[in-house]
Amino acid sequence: MSKPLRLGVNIDHVATIRNARGSAYPDPLRAALLAEAAGADGITAHLREDRRHIRDADMAALKAGIGIPLNFEMAATAEMQEIALATRPHAVCLVPEKREERTTEGGLDVAGDEARLAAYVSPLRDAGARVSMFIGHDAAQIAASARIGAAVVELHTGHYCDLHYEGRFAERDAELAALREGAAYAHSLGLEVHAGHGLTFETVAPIAAIPEIRELNIGHFLIAEAVFIGLGPAIAEMRRLMDAARA
Ligand code: PXP
C-alpha cells in the first residue's frame with residue numbers, strides 16, 4: 001500500500017463570500033476549525049496581492065487558531081516574504097500570480113527564475129518553513145525546483161480537471177499520464193510531491209491513486225459543495241474517496 005495521503009483544505013473562498021458583502025461572516029477561521037474537526041490534515045490559505053479573499057488578519061488568526069499545519073500560499077514577492085517570516089507558517093507554497101486572473105492559472109516558472117527563487121526561498125527555509133513550488137508536470141520545472149532547495153513540488157491538476165469537464169477524455173488521460181510521470185520524477189529527485197487545483201469528487205481518484213503523491217490541496221469545490229451538504233460532510237466524502245483510491 002502507498003504512504004498515507006494528506007488532505008489540505010483551502011478555505012480562501014469562505015473569505016470570498018464574506019468579502020462579497022463586506023460583512024464579518026462567514027469567518028475563514030471557523031471554517032478551518034470545522035475542517036480540522038472533519039479530518040483535514042492541514043489548512044491552506046492564499047494571501048493574494050490584491051487581498052481579494054484572505055486578508056492579513058485572516059492569516060494571523062489562522063496561524064494562532066488552528067491545531068493543524070498552516071500552508072501559506074503566496075506569490076514570490078518581497079511583501080509576502082516579510083509577512084510569511086512574521087507569520088511562521090508550517091509551509092509556504094509559492095505560486096504565480098497575475099492580478100487579472102480568476103485563479104492560479106498556470107504553474108510557476110522556476111527554471112526561468114532560478115537564481116532569484118533560490119535566494120528567495122533560503123530565508124523561508126531558515127525560518128523552518130517547508131517550501132513548495134506550484135508547478136506544471138514538466139521535467140525542467142521539477143529539476144529546477146530541486147536545485148533551488150525546495151522541499152516539495154505541488155503539481156497543478158487544473159488542466160487535467162478542465163479536460164475532464166470538457167469531455168476531452170483522451171487528452172485528460174494523456175495529462176494524467178504526464179502528471180504520473182512528473183510525480184515519479186520529482187520523487188526520484190528526493191522531492192515530496194503534492195497536487196492540487198480544481199479537484200472534485202469526480203476527478204480526485206486518479207490523482208489520489210498516484211503513489212508518490214503525499215498531499216492534496218483542495219478548496220473551491222469543497223466550499224461550493226458545503227452549500228449543499230455542509231463543509232464537514234464534504235470533507236469527509238473527499239477523504240473517503242481519497243482513501244478508497246489509495247487502498
Ligand atoms: N493548490 C494551489 C497551489 C492553489 O493555488 C490552489 C488554489 O488556490 C489550490 C491548490 C486549490 O485549488 P481549488 O481551490 O481549485 O481546489
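What counts and what doesn't
- Residues numbered from 1 in each chain as written.
- Predicted model: local features only at pLDDT ≥ 70, side-chain atom pairs only at ≥ 80, totals over all residues.
- Heavy atoms only, no water.
- Helix = DSSP H or I, 4+ residues; strand = E, 2+ residues; numbered from the N terminus.
- Rg over C-alpha atoms; globule rule 2.2 N^0.38 Å.
- Buried < 20%, exposed > 50% of the residue type's maximum accessible area, 1.4 Å probe, protein only.
- Contact = heavy atoms within 4.5 Å.
- Areas by Shrake-Rupley, 256 points an atom, 1.4 Å probe, with all protein chains shown as cover.
- Lys, Arg positive; Asp, Glu negative; His and termini not counted.
- Charge placed at Lys NZ, Arg CZ, Asp CG, Glu CD.
- Near = heavy atom within 4 Å.
- Polar contact = N/O pair within 3.5 Å; in protein donor to acceptor, adjacent residues only side chain to side chain.
- Nonpolar A, V, L, I, M, F, W, Y, C, P; charged D, E, K, R; others polar.
- Phe/Tyr/Trp six-rings, centres within 6.5 Å; stacked < 30°, edge-to-face > 60°.
- Pairing = 2+ DSSP bridges.
- Axes fitted to C-alpha atoms, helices over the stretch in contact; angles between N-to-C directions.

**Focus on the overall build of the chain**
For step 1, the next point in the chain: Along the backbone of the chain there are 11 helices and 8 strands.
For step 2, the next point in the chain: Its C-alpha radius of gyration of 17 Å places the chain within 12% of the 18 Å reference for a compact globule of 247 residues.
For step 3, the next point in the chain: Its C-alpha atoms give the chain principal-axis dimensions of roughly 45 × 40 × 35 Å.
For step 4, the next point in the chain: A burial count over the chain gives 50% of its 247 residues as buried.
For step 5, the next point in the chain: Sequence-distant contacts, at least 24 apart, represent 67% of the contacts inside the chain between residues at least 6 apart.
For step 6, the next point in the chain: Of the roughly 10800 Å² of accessible surface on the chain, a fraction of 55% belongs to carbon and sulfur atoms.
For step 7, the next point in the chain: The distance from the centre of the 25 positive side-chain charges to the centre of the 34 negative ones in the chain is 4 Å.

**Thoughts on the site of the ligand**
For step 1, the next point in the chain: Around the ligand, a shell composed of 14 residues is seen, among which Glu73, Glu154, Gly198, Gly219 and His220 lie nearest.
For step 2, the next point in the chain: Between Glu73 and the ligand, the recorded distance is 2.8 Å, taken from a side-chain N or O atom to an oxygen atom.
For step 3, the next point in the chain: Burial of the ligand by the surrounding chains reaches 95%, relative to a free accessible area of 390 Å².
For step 4, the next point in the chain: Looking at the shell around the ligand residue by residue, the classes come out as 4 nonpolar, 7 polar and 3 charged.

**A word on the packing of aromatic side chains**
For step 1, the next point in the chain: Across all of its chains, the model carries 1 aromatic pair by this definition.
For step 2, the next point in the chain: Ring geometry for Phe201 against Phe221: centres 4.8 Å apart, planes inclined by 75°, an arrangement best described as edge-to-face. One end of the pair, Phe201, is in the loop between strand S7 (192-196) and helix H9 (204-208); the other, Phe221, is in helix H10 (residues 220-229), and 20 residues separate them in sequence.
For step 3, the next point in the chain: On the basis of relative accessibility, which here comes to 22%, the residue Phe201 falls in the partly exposed class.
For step 4, the next point in the chain: Classification of Phe221 by relative accessible area gives buried; the value is 18%.

**Some thoughts on the sheet that holds strand S6 (residues 152-156)**
For step 1, the next point in the chain: An order of S1-S2-S3-S4-S5-S6-S7-S8 is seen for the 8 strands of this closed barrel, with the pairing classed as parallel. Adjacent strand axes in the sheet meet at a mean angle of 25°, parallel and antiparallel pairs treated alike.

**Observations concerning the pairing of S7**
For step 1, the next point in the chain: Of all 5 residues making up S7, 4 are buried, and the element is well covered by its neighbours.
For step 2, the next point in the chain: Where S6 meets S7, 5 bridges bridge the pair, whose relative direction is parallel. Within S7, the position partnered with Glu154 by the bridge is His194.
For step 3, the next point in the chain: In the sheet, S7 pairs with strand S8 (residues 213-218) via 4 bridges, with the strands oriented parallel. Residue pairing in the sheet places His194 in a bridge with Glu215 of S8.

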